[in-house]
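What follows is each chain in one-letter form.
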Amino acid sequence: MTNYIHINETNKEFHLTNGKISYIFRVMEQTNTLEQLYAGKTIKHRESFGHLIEREVRPSNNQVTGDHTTSLEHVKQEMPVYGTTDFRYPGLEIRYPEGDRISQFEYQSYQVEKGKKKLPDLPATFAGAEEATTLRILLKDRYSDLILTLSYTIFHELSALTRHAEIKNTGEKTFQLERLMSLSVDLPTDDYDFIHLHGAWAREAHLERKPLMTGVQSVSSTRGASSHVHNPFFALAKKNTNEQQGEVFGFSFVYSGNFLAQVEVDPYHVTRAMLGINPHQFGWELEPGAAFTAPEAVMVYSDAGLNGMSRTFHDVYRKHLISPKWSGKKRPILINNWEATYFDFNEEKIMELAADAKALGIELFVLDDGWFGKRDNDASSLGDWTADPKKPPNGVEGLDEKIHSLGLQFGLWFEPEMVSVGTPIHEDHPDWKIGHPGKNISHGRNQYVLDFSRPEVVQNIFNQMDAILGSKSIDYVKWDMNRYISEAYSQSLTATKQGEVMHRYILGVYALYEKILDKYPELLIESCAGGGGRFDPGLLYYAPQTWASDDTDAVERLKIQYGTSMVYPLSANGSHVSAVPNHQVARMTSLKMRGEVAAFGTFGYELDSTKLSEKEKVIVREQVAQVKRWQPLIHQGDFYRLESPFESNTTAWMVVASDKSEALVGVYHVLAKPNPAYERILLEGLDTDALYQIDGAERARYGDDLMQIGLVLGGNYIGRAQDYWGRSMPGDFSSQLYHLQKIDKSEDDG
Ligand code: DGJ
């Protein structure tokens, strides 16, 4: 245990380390608050890190009379609070019964335990006794009976820590919790770039990188979901850090609701990074005996560039967040009828698509929106989860049976959190939707949000879903969510509890996931929120894959999938091949490119297969067979981004098997260039000494050769036409996959 957490009882210093990462803090003498000493690349353990304490007389407010070095404004802290001379934004804010917000949390004790306990009602990473060690620090408020517990878990094999906080009211009075950030860390310099993922519907996960400026900068959500606009992730990268090298801290939040990811650079160039529930619209009434747990934040350190950071996130989430039932398991290749039919289908059409799917080697048929109530468009029936007899005439049961009898698995779309006007639950329970009854309640896509802060609402939807799921053996559910919350108000909560609505709503969503998975543990759930509007680690805990975007265009997907891979493993990234002209941008790309982009994700089809030509069907059959063969490599291997779609016309990425025996490289060119320049793609992650055979290539090549010199592009394009000189021209939107297999050195042809 002490190998991972070193504790100096005399100086009250704590050093979490695993040979990759070090995280050091201590208890300050005069104020008993926690002082951050170091976070970053592992350093050797010392009995004391007292030499890292910085104290100077500065022009500031000081807590201790006569001492001019006790300003917390100048101390790096673990959980800053208001009222202690620190003028930066706090990690914790409480409104006391007297109306003030002055707190002082003082160190009491610590506990160390093997592994990691489950968080109450919240998704979080998990780890066994041999995989992680947890340190808990207990602090007590000097002015009340509030106890704050900060929990730190260090994974033994990964350059990653998790943090979360819990506050408990052990006294007699009621307090208002106004802010409890899950993670706060003060870094000693500000020479970082702030990197984050932003977007909107159909263009999620776009990468942005800007130098830090003095003052506050943040990304956040106020929408009731983590949202398309910003992912609950950010990174702080040193200026010289790129994909391949340099230092970077990555921060990711295991939560699906409103979040705040804030960085504050103070006048002394200290950088405070924070991650937690967004204090805007948040408040929690802490009654006597009550406790509040803030969700978990994950911090990754990498000195191997952004790729190093992402590989650690992928490992943390594959090994410690995604259900072991799915993280290493084969995912079915699916066909989804949404872009094929939208709402306009009947059983005959569905069976035609399903029969085609089977013949093409596809494994799972997903019936999307429109199968229930009277839903022929997006203005009705949400909340009425009974099959529309016009669509499957013998109900979901009948269709399920027919699809299964073809030898396919069957999946179904739900949007459990929503309600349409005219449905029984809407008419019978007008108080079950979120919004103030005396004020305007806005619709989004003609629908309203059910008040999932009410357990009876969650129970009602569970019962309805259970009736469908229990009627047959449904293998997969696509769980959609297509609007944000704009007027947070619950008719079941008192005035002093209205700040709790957004968080209670998300807890209700998690509770429904728990209930469904408790009863149907084998069910594969793909989460979705109008595409990637809730692509976050919180939902990944329940749903091992997320539909990354409603944009299925192969060129747009390069950016979306590249950005998403910053945090999330390829096995989580829902990706389909769709028809052309593409339904979101009307672009014409080849079936080859669409397949070769979607291959780096969960993989499936979303098109009307009856409209495919025989030639196209041959290609689809080959694609399906190829992905089946390569899926373990793609989903379990180490992913490297090689060339960024945000920076050039070429995108390249690759995945390498963990034993380096095999790799798959994807190279994509958006526009064709006349008389193109020579191009080489430097590979990564290979065994320098091993000989690799690239499928179709004449010569095997060594790992060092491929990583130093690279793939030499050009001659091996599959041309759409030839130019005047007889050169093969791939045209716009081209792509090529390169599959590498380690071979015996005796096969080297010299
Ligand atoms: C939004 C999803 O992202 C789509 O894939 C589709 O399921 C529609 N909703 C259905 O309404």
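Treat the numbers as computed from the prediction; the structure is a model and nothing was measured.

**Student:** Can you tell me about the overall build of the protein, naming the residues and giving the values?
**Tutor:** A tally of regular secondary structure across the protein gives 13 helices and 41 strands. For 750 residues, the compact-globule estimate of 2.2 N^0.38 gives 27 Å, and the C-alpha radius of gyration of the protein, at 27 Å, lies within 12% of that figure. In terms of overall dimensions, the protein has a C-alpha envelope of 85 × 75 × 45 Å along the principal axes. Across the 750 residues that make up the protein, the buried fraction comes to 61%. Within the protein, counting contacts between residues at least 6 apart in sequence, those at least 24 apart form 69% of the total. Accessible surface, the protein as shown: approximately 27,800 Å² in total, 50% of it carbon and sulfur. On the protein, the mean spot of the 77 positive side-chain charges and the mean spot of the 102 negative ones are 1 Å from each other.

**Student:** Can you tell me about the sheet that holds strand 2 (residues 13–17), naming the residues and giving the values?
**Tutor:** The strand order across the open sheet formed by 4 strands is 1-2-3-4, and the pairing between neighbours is antiparallel. The two strands at the open ends of the sheet, each matched to only one other strand, are strand 1 (5–8) and strand 4 (34–41). Recorded for the sheet is a direction-independent mean angle of 10° between the axes of neighbouring strands. As paired elements, strand 1 and strand 2 share 4 bridges and run antiparallel to each other. Residue pairing for strand 2: Ile7 is matched across the bridge by Phe14.

**Student:** Describe the nonpolar core, with residues and values.
**Tutor:** Ranked by size, the top nonpolar core spans 194 residues in total, and within it Ile167 and Trp371 carry the most contacts. Here this core gets 10 residues from one element, more than from any other, and that element is helix 8 (residues 501–519). For Ile167, the contacting residues outside a window of four places in its chain are Leu92, Ile94, Phe105, Leu146, Ile147, Leu148, Leu177, Leu180, Leu286, Ala290, Ala291 and Phe292. Grouped together as the second largest cluster of nonpolar side chains are 20 residues, Tyr640, Ala663, Val665 and Ala690 included.

**Student:** I'd like a description of the pattern of salt bridges, backed by residues and values.
**Tutor:** Taken as a whole and judged by the stated rule, the model has 55 salt bridges. A salt bridge links Asp193 to Arg209; the shortest N-O distance between them is 2.8 Å. Taken together, the positions of Asp193 in strand 11 (residues 192–198) and Arg209 in strand 12 (residues 206–211) put the pair 16 residues apart, joining distant regions of the chain. Exposure remark for Asp193: the relative accessible area of 9% places this residue in the buried category. A salt bridge links Glu500 to Arg504; the nearest nitrogen and oxygen atoms lie 2.8 Å apart. When its relative accessible area of 0% is taken as the criterion, Glu500 is described as buried. Three or more residues are tied together by salt bridges with common partners; here these are Asp86, Arg88, Asp186, Asp266 and Arg272.

**Student:** Pulling in residues and values, what's your account of a nonpolar patch on the surface?
**Tutor:** Together, Tyr82, Ile102 and Tyr143 make up an exposed nonpolar region whose accessible area comes to about 300 Å². Judged by relative accessible area, Tyr143 falls into the partly exposed class, the value being 43%.

**Student:** Explain the packing of aromatic side chains to me, using residue names and the numbers behind them.
**Tutor:** Between two aromatic rings, the relevant description is the distance of the centres plus the angle of the planes. Under the counting rule described, the total for this entry stands at 38 aromatic pairs. A centroid spacing of 5.8 Å and a plane angle of 50° characterise the contact between Tyr23 and Tyr152, whose relative ring orientation is tilted. Of the two residues, Tyr23 sits in strand 3 (residues 21–27) while Tyr152 sits in strand 8 (residues 146–155), which places them 129 residues apart along the sequence. Comparing Tyr23 with Tyr152, the two get one shared label, buried. Note on Trp338 and Phe343: the rings are 5.2 Å apart at their centroids and 90° apart in plane angle, and the pair reads as edge-to-face.

**Student:** Can you tell me about the site of the ligand, naming the residues and giving the values?
**Tutor:** In the vicinity of the ligand lie 13 residues, with Asp368, Asp369, Lys478, Asp480 and Asp550 positioned nearest. Contact between the ligand and Gly531: an oxygen atom at 3.0 Å from a main-chain N or O atom of the residue. Contact with the protein chains covers 98% of the free accessible surface of the ligand, which is 290 Å².

**Student:** Explain the packing of helix 7 (residues 455–469) against helix 8 residue by residue, including any values.
**Tutor:** Relative orientation and spacing of two packed helices are given, respectively, by the angle between their axes and the distance between those axes. It is at 10 Å that the axes of helix 7 and helix 8 come closest, and there the two elements cross at 30°. Judged on the interaxial angle alone, helix 8 and helix 7 are roughly parallel. The hand of the helix 7/helix 8 crossing is right-handed. When helix 7 is examined against helix 8, the residues Val458, Gln459, Ile461, Phe462, Met465, Asp466 and Leu469 are found in contact with a partner set consisting of Gly508, Leu512, Lys515, Ile516 and Lys519. Of the residues belonging to the contact of helix 7 with helix 8, the class tally is 7 nonpolar, 2 polar and 3 charged.

**Student:** Got a sec to walk through the packing of helix 11 (residues 591–598) against helix 12 (residues 614–636)? Specific residues and values, please.
**Tutor:** With their axes 11 Å apart at the nearest point, helix 11 and helix 12 run at an angle of 20° to one another. In terms of orientation, helix 11 lies roughly parallel with respect to helix 12. As for how helix 11 packs across helix 12, the hand of that crossing is right-handed. Listed contacts from helix 12 to Leu591, Lys592 and Gly595 of helix 11 are Glu616, Ile619, Val620 and Gln623. Looking at side-chain class alone, the contact of helix 11 with helix 12 contains 3 nonpolar, 2 polar and 2 charged residues.

Procedures and definitions
- Think of each chain on its own: its residues are numbered from 1, step by step along the sequence as written.
- Residues qualify for local features only when their pLDDT is at least 70, as the model is predicted, and side-chain atom pairs are given and counted only at 80 or more; totals for whole chains, interfaces and linings, by contrast, use all residues.
- Neither water nor hydrogens contribute to the side-chain values; these are computed over all heavy atoms in the structure.
- Secondary structure elements follow DSSP: runs of H or I no shorter than four residues count as helices, runs of E no shorter than two count as strands, and numbering proceeds from the N terminus.
- Here the globule rule reads 2.2 Å times residues to the power 0.38, and the radius of gyration is calculated from C-alpha atoms.
- Only protein chains enter the area calculation, which uses a 1.4 Å probe; residues under 20% of their type maximum are buried, those over 50% are exposed, and those in between are partly exposed.
- Pairs of residues are marked as contacts when any of their non-hydrogen atoms sit within 4.5 Å.
- Only the protein chains shown count as cover for residues, with accessible areas throughout obtained via the Shrake-Rupley method and a probe of 1.4 Å.
- Asp and Glu count as negative and Lys and Arg as positive, but His and the ends of the chain are not part of the count.
- For charged residues, the charge sits on one atom: NZ in Lys, CZ in Arg, CG in Asp, CD in Glu.
- What makes two strands pair is DSSP finding at least two bridges between them.
- For helices, the fitted axis covers only the stretch in contact; all axes are lines through C-alpha atoms, and the angles between them, taken along N-to-C directions, range from 0 to 180 degrees.
- Residue types Ala, Val, Leu, Ile, Met, Phe, Trp, Tyr and Cys, when buried and joined through side-chain atoms within 4.5 Å, form a set referred to as a nonpolar core.
- When a carboxyl oxygen of Asp or Glu is within 4 Å of a side-chain nitrogen of Lys or Arg, the pair counts as a salt bridge.
- Patch membership needs two things, relative accessible area over 30% and no salt bridge, and members are linked within 9 Å if like-charged or within 5 Å if nonpolar (Val, Leu, Ile, Met, Phe, Trp, Tyr).
- Note on aromatic contacts: the rings of Phe and Tyr and the six-membered ring of Trp form a pair at centre separations within 6.5 Å, being stacked when their planes are under 30 degrees apart, edge-to-face when over 60 apart, and tilted otherwise.
- When at least one non-hydrogen atom of a residue lies within 4 Å of a molecule or strand, that residue is treated as near it.
- Any pair of N or O atoms that falls within 3.5 Å is considered a polar contact. Within protein, one atom must be able to donate a hydrogen and the other to accept it, and sequence-neighbouring residues count only if both atoms are side-chain atoms.
- With respect to orientation, any angle under 35 degrees is reported as roughly parallel, any angle over 145 as roughly antiparallel, any angle of 65 to 115 as roughly perpendicular, and every other angle as oblique.
- Left-handed is the label given to a crossing in which the near helix is rotated counterclockwise from the far helix by less than a right angle, and right-handed is the label when the rotation is clockwise.
- Only Asp, Glu, Lys and Arg are considered charged, only Ala, Val, Leu, Ile, Met, Phe, Trp, Tyr, Cys and Pro nonpolar, and every remaining residue, Gly among them, polar.

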